[in-house]
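This is what each chain is made of:
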Amino acid sequence: MKVPTKKVSIAGNEYTIRTAKLRKNHGECDSPRCKNPEIRIKAGLDQKLLLEVLLHEMLHASAWLALSEEYVTVTARDMSHILYDLGWRNDGFQD
Ligand SMILES: [Zn+2]
C-alpha cells in the first residue's frame, strides 16, 4: 500500500508525509524544528498497520519532546484498533 506525498499541518508545524523504503522501522518522523520536516511511511503496509503507523508518527510530530516512545506506541496502537473497529478503511492512500 503506497502513501502519496502529502503536505499536512500538525500542531502548527508543516510536515510532508511520504512513502519511503525503510529497512528498520515502519515509520519515521523528523523533529518539527528541522527544515522541511517529514513523516516517512514504509511502503507496502496493510491497512491496519498503516493506520497505526500514521497515528504513531503524527503523535510524535504533535508533541515531539513531550511524549515518550512507550506512550506513543501504546496510544497509536489503541487508537488504530478503535478506529478500525469503528469502520475506518483506507480510501485514498492506495496505489
Ligand atoms: Zn515512535
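Keep in mind that what you see is a predicted model, and the values were worked out from it rather than measured.

**A few points about unusual backbone geometry**
A positive phi angle is found at Ala11, which is not glycine, with a value near 50 degrees. Structurally, Ala11 is set in the loop between β1 (6-10) and β2 (13-20). Even without being a glycine, Asn36 presents a positive backbone phi close to 50 degrees. Mapped onto the elements of the fold, Asn36 is located in the loop between β3 (27-29) and β4 (38-42).

**Brief notes about the sheet that holds β2**
An order of β1-β2-β4-β3 is seen for the four strands of this open sheet, with the pairing classed as mixed. Because the sheet does not close on itself, it has two edges, and the strands there are β1 and β3. The mean angle between the axes of side-by-side strands here comes to 25 degrees, regardless of whether they run parallel or antiparallel. Direction of pairing for β3 relative to β4: antiparallel, over a ladder of three bridges. Each residue of the ladder has a partner; that of Cys29, found in β4, is Ile39. Packing of helix α1 (residues 47-62) onto the sheet brings it into contact with β1, β2, β3 and β4, and relative to β3 it is tilted by some 15 degrees.

**Let's talk about α1**
With 16 residues, α1 extends 22 Å from end C-alpha to end C-alpha; this agrees with the ideal 22 Å at 1.5 Å per step. Among the residues of α1, those classed as buried are Leu50, Leu51, Glu52, Val53, Leu54, His56, Glu57, Leu59, His60 and Ala61.

**Here's the deal with the pairing of β4**
Of all five residues in β4, four are buried; the element is thus mostly enclosed. The sheet contact formed by β2 and β4 spans five bridges and is parallel. If you follow Ala20 over to β4, its bridge partner there is Lys42.

**Remarks on the environment of Lys21**
Structurally, the position occupied by Lys21 is in the loop between β2 and β3. Taking the C-beta count within 10 Å as the criterion, Lys21 has 8 such neighbours and is therefore assigned exposed. Taking the C-alpha atoms as reference, Lys21 lies 5.7 Å from Lys42; in sequence the two are 21 residues apart.

Criteria and cut-off values
- Residues numbered from 1 in each chain as written.
- Predicted model: local features only at pLDDT ≥ 70, side-chain atom pairs only at ≥ 80, totals over all residues.
- Helix = DSSP H or I, 4+ residues; strand = E, 2+ residues; numbered from the N terminus.
- Pairing = 2+ DSSP bridges.
- Axes fitted to C-alpha atoms, helices over the stretch in contact; angles between N-to-C directions.
- Contact = placed C-beta atoms within 7 Å.
- Expected span 1.5 Å × (residues − 1).
- Buried ≥ 20, exposed ≤ 12 C-beta atoms within 10 Å, placed from the backbone.

From the geometry alone we can't say anything about function, so treat these as descriptive.
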